[in-house]
Amino acid sequence: MKLTLRINGSVVEQDADPLARLSEFLRQVLGLTGLKEGCCEGECGACTILMDGAPVHACLTLIFQAHEREITTVEGLGDAGVLTDLQAQFAGAGAVQCGYCTPGIIMSAEGLLRSTLTPSDEEIRHALAGNICRCTGFETIVRAVAAEAARRCEAGC
Amino acid sequence: MEQVSQRIPLIDAAEKLTGRLRFAADMTLPGLLHGAFLFSPRAHARIVEVDPAGALAVSGVIGVWWHANTPQNSYNSSIWFAGQKALADERMFPPVVRHMGDRVAVVLAETEAIARAAVTRIVVSFEDLPAILTPEPTVAHAVAAAGVEEAIYPDPVEQVHFTHGDPDAAFARADHVTEAVVYTPRSHHCAIEPHVCVAWPEPGGRVAIHSPCQSVYAVQAVVAQALGIAADRLHVTKAPIGGSFGGKAEPILEPICALLAERTGRPVRIAFNRHETFTATRTRAASRGKMRIALACDGRILGRETDVTVDIGAYCTGGNYLPGSMLQRLVRLYAVPAERYRGRAVYTNTLPTGAFRGYGSPQIHALGEIVLDLASREMGLDPVAVRARNIVTPGALEPWQGLSLGNARGADCLHRGAEAFDWTRRRSAASGRGRFRTGVGMAAATHINGCFPGEDEATTATLRLTPEGRIELTCALHDLGCGSDTTLAQIAAEVLGLRAADIRITPADTDTCPYDLGTRASRMTYIAGEAVRLAATALAAAIVDTGGQALNAARSEIRLRGGQIEAPHRAITFADLAAWLSVRGTDTPSATHTHRATANPGSYAAHFAEVEVDTLTGHIRVRDYLAAHDIGRAINPMLVEGQIYGGIQIGMGYALYEDAAVDPKTGRMRADSFTRYTLVNAPEMPPIRILLVEEGEATGPFGAKAVGEIATIPVAPAVVNAVNHALETRLTELPLLPERVLDALGQGSSS
Ligand code: FES
Ligand code: FES
């Protein structure tokens, strides 16, 4: 089946099995390996991407569900190799350790910050409840997200 | 100091944050083949026949391998170097499977999907053998679990007996004796990156192995033993690692992946899914420990008697070291004048166990710290005061190996931690009689710094000035995500007057790096850090020499500062110096240093927790937490704190939720997915305060010692002790699942 996906600002037209996992398609066909597969069961959040601006687990999303939708992966967040402000907050707060969960957590956090201007710590923690990080204990991650929320608020609202 | 003691971000943070870092699962190689395993559905059985025809008929399948067409060399997946003495009881594909999840066969195919589909078409007939699924009674093991090869399956696998002083006399004159049995569960690492390995043929009949591991040399040694080939035919490189915690310390996929690459002449990847990572890798060993403590009325420990059994599963791996490791850590926390210890490791027909953050320490500390807390309560003494009365002092010698514990600052952790936590007031506050009860609890802990004296504890580091004016560090280093690369770069940069980002670390590679034990035993900062500091000191001397010539200045006038080589009123950059030297045809300076440890000081910690227990549901919430750590000096306080936050998360899971128990009737591990194995997630984490005690360790780089493993060790007993305080219970079986809490309150189903 021919599918049209808008991925990181470009239109991708591709013949694909509509019932294949979106995460597999993004990683293997398009080479977008920033998103990881930690469980393929919707439990770990390593595969989190934004679909029309909202975080979803790409491993539980079938390709046809992404047809004509706006997909953003970690590769589409900023210019190649340059940290976005959110990513810079993570680096500065020590919110990344092994880095396997990190792109997924960045996408969940980005999704939260696009929908909630001034999230409380509790809202941040709940927004990240679908992401497992086994390294950081979440403390520094929550701080980084809160710092970025404050920065955006100051800059924009 | 410019670099040391600074909160410097990871030098590889950008690669990780942007998703550009290529993990082994992200690699593409032309002609890559994919492997998938058939695992044993039986706990203990002889394989009568394997019929691969159905799988071979699937289009895209390259081949099927099982015990009949693979090398049958016995090996031990936990050896660190060739020739290390170890019980070799594993095979790539054993003819007798010894646990559910044991490897029966592998299919290699053009895609992973084809390989996985074809696996289901292999037909195997088994002849069941009696299975031992619980560690007791141990006498049965020699008969039943031995299966066909009695000679290499001893029972117990290992036992350690140790007596110091006169325990019987101590108990005879004790004012108080407390005795309890503590159970710790089998638990799983849950690194977010599942196990994966890539291998490909290299010219000259060699095989390259690229895997997330903790030591390239350990992988080389294990694979060479399994394949029965010379180690130098294997070229092992470190892939970035998405978490390990010990779970990737033992090569599991590597022998088979390498064999298949050699057999087919094509690159091969084997990637476990989450289910397989749970059921076919390693776990932390479950333990049952009984402890008796003899105390004087003032809380002094007069004597102690410990009996521990660890269930190491179906293969030895490094499980034989557990009883000794547990003893080693037990005797390093309190000054106990009379000690009797018996520890044993026993086989069961369950998933093998292996290293997991602390290597026996979480188990032995759960036992020691929970029982000591019960003793304090029975005697009406304050748990902090009892610990402070007995904790070892700086320079103390431990009684087992006779080693100095170094600048052991456990007492500072206790006192400063208790004060900051407001312990005394919070401890005496009533826990309430209503539905929700609160309590506070604490625990102390110690851990080692490296493998001395058990192994030749040495690291060789080479630092070289590059033509670009940066410094290249060559050492078989494995940063597991803890930030050890950044820490070591800070150490080198501090000595050389550079920034951590100026240090480029070459990835661990058996072809280019000297032998190293790898990342284990809390040795990175303390051992590798000192090797790097001494190599940097030697390189700095060489740069001062040549810089003096370039600047026409005396050695004594030269300073290395801000990325420059400075003489009075003039300076050149490191890049200028490299260019100046190359114009003259002179080598750029480099220095190699081998640091061989002759000490193993202790790291210490005291953790304090407040919990709230819902007596209706049995649910426990940790509401507040404080961790005090004797760290010598924090090379990077931000990364040290990161280790502690993460350690608390894993320890809370150990105390409250995480249970990879094996069904004692079927041998099946129930926890085979994140849905059935509960972790502590962001909403459950309490507010955490961290206190660092930085009193310096003479033998550590800039006074530093380890934090990675100890961060998780006192957590479970601190939380359990808080629950026992809240409920006035004697809960000693981890994790504290709601039904266990309700049982203890007399409201459970079994009461
Ligand atoms: S891989 Fe999608 S949630 Fe784990
Ligand atoms: S940083 Fe390792 S899992 Fe999050």
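Before going further, it helps to examine the overall build of chain A. Regarding its fold elements, chain A presents 5 helices and 5 strands. Order of helices (α) and strands (β) in chain A, N terminus to C terminus: β-β-α-β-β-β-α-α-α-α. By the compact-globule yardstick of 15 Å for 157 residues, chain A fits well, its C-alpha radius of gyration being 15 Å. Evaluated residue by residue, chain A yields a buried proportion of 55% over its 157 residues. Summed over its atoms, the accessible surface of chain A is roughly 6000 Å², and 49% of this surface lies on carbon and sulfur atoms. With 12 positive and 20 negative side-chain charges, chain A shows a separation of 3 Å between the mean positions of the two kinds.

Below, the discussion takes up the sheet that holds strand β20 (residues 559–561) of chain B. The pairing of strands in a sheet comes from backbone hydrogen bonds and takes either a parallel or an antiparallel form. All names here are of chain B. Spatially, 3 strands are ordered β20-β21-β22 in an open sheet, and the strand pairing comes out antiparallel. The open sheet is flanked by β20 and β22 (570–573), the only strands paired with a single partner. Each strand of the sheet is rotated relative to its neighbour by a mean of 30 degrees, with strand direction disregarded. Here β20 pairs with strand β21 (residues 564–567) via 3 bridges, running antiparallel. Note on β21: the bridge partner recorded for R559 is E566. Lying on the sheet, helix α15 (residues 524–551) is in contact with β20, β21 and β22; it crosses β21 at an angle near 55 degrees. In the packing of helix α16 (residues 574–583) onto the sheet, contacts are made with β20, β21 and β22, and the angle to β22 comes to roughly 80 degrees.

The next thing to look at is the pattern of salt bridges. Here the structure, examined in full by the defined rule, presents 66 salt bridges over all chains. Notably, a salt bridge pairs E658(B) with R134(A), separated by 2.8 Å at the nearest N-O pair. Of this pair, E658(B) sits in the loop between α17 (637–656) and β26 (688–693) while R134(A) sits in the loop between α4 (121–127) and α5 (139–156), each in a different chain. Residue classification places E658(B) among the buried positions, given a relative accessible area of 1%. Between R523(B) and D516(B) there is a salt bridge, with its nearest N and O atoms 3.1 Å apart. Exposure class is identical for R523(B) and D516(B). Each is buried. The network of salt bridges with shared partners includes R426(B), E610(B), E612(B), R621(B), R623(B), D624(B) and R689(B).

Moving on to unusual backbone geometry. Residue and element names in this part refer to chain B. Residues F452 and P453 are joined by a peptide bond in cis, for which omega reads 5 degrees. Cis geometry marks the peptide bond from L734 to P735; its omega dihedral reads -10 degrees. Note that P735 resides in the loop between α18 (715–727) and α19 (738–744). Even without glycine at this site, F245 takes up a positive phi of about 60 degrees. Relative to the helices and strands, F245 is located in the loop between β11 (234–238) and α7 (254–264). Using a relative accessible area of 14% as the deciding quantity, one classes F245 as buried. Backbone geometry places F702, a non-glycine residue, at a positive phi of 55 degrees. Within the fold, F702 resides in the loop between β26 and α18.

The next thing to look at is the domain arrangement of chain B. Residue and element names in this part refer to chain B. Taken as a whole, chain B is organised into domain 1 (18–129 + 195–271), domain 2 (286–449 + 600–746) and domain 3 (452–596). Averaged C-alpha coordinates put domain 1 and domain 2 at centres separated by 36 Å. The interface of domain 1 with domain 2 comprises 21 residues on the first partner and 20 residues on the second. Carbon and sulfur atoms supply 52% of the area buried between domain 1 and domain 2, which totals about 1600 Å² over both sides.

Moving on to the packing of helix α14 (residues 484–496) of chain B against α15(B). Residue and element names in this part refer to chain B. Two numbers describe how α14 lies on α15: the axes approach to 8 Å, and their chain directions differ by 30 degrees. The angle between α14 and α15 falls in the class roughly parallel. Remark: the crossing between α14 and α15 carries right-handed chirality. Along its contact with α14, which presents S484, T487, L488, I491, A492, V495 and L496, the element α15 presents M524, T525, A528, G529, V532, R533, A536, T537, L539, A540 and I543.

The rules we used
- Residues numbered from 1 in each chain as written.
- Chains lettered and ligands numbered in written order.
- Predicted model: local features only at pLDDT ≥ 70, side-chain atom pairs only at ≥ 80, totals over all residues.
- Heavy atoms only, no water.
- Helix = DSSP H or I, 4+ residues; strand = E, 2+ residues; numbered from the N terminus.
- Rg over C-alpha atoms; globule rule 2.2 N^0.38 Å.
- Buried < 20%, exposed > 50% of the residue type's maximum accessible area, 1.4 Å probe, protein only.
- Areas by Shrake-Rupley, 256 points an atom, 1.4 Å probe, with all protein chains shown as cover.
- Lys, Arg positive; Asp, Glu negative; His and termini not counted.
- Charge placed at Lys NZ, Arg CZ, Asp CG, Glu CD.
- Pairing = 2+ DSSP bridges.
- Axes fitted to C-alpha atoms, helices over the stretch in contact; angles between N-to-C directions.
- Contact = heavy atoms within 4.5 Å.
- Salt bridge = Lys/Arg side-chain N within 4 Å of Asp/Glu carboxyl O.
- Domains from an automatic or database assignment.
- Buried area = accessible area lost by both parts, 1.4 Å probe.
- Parallel < 35°, antiparallel > 145°, perpendicular 65-115°, else oblique.
- Left-handed = near helix turned anticlockwise from the far one by under 90°.

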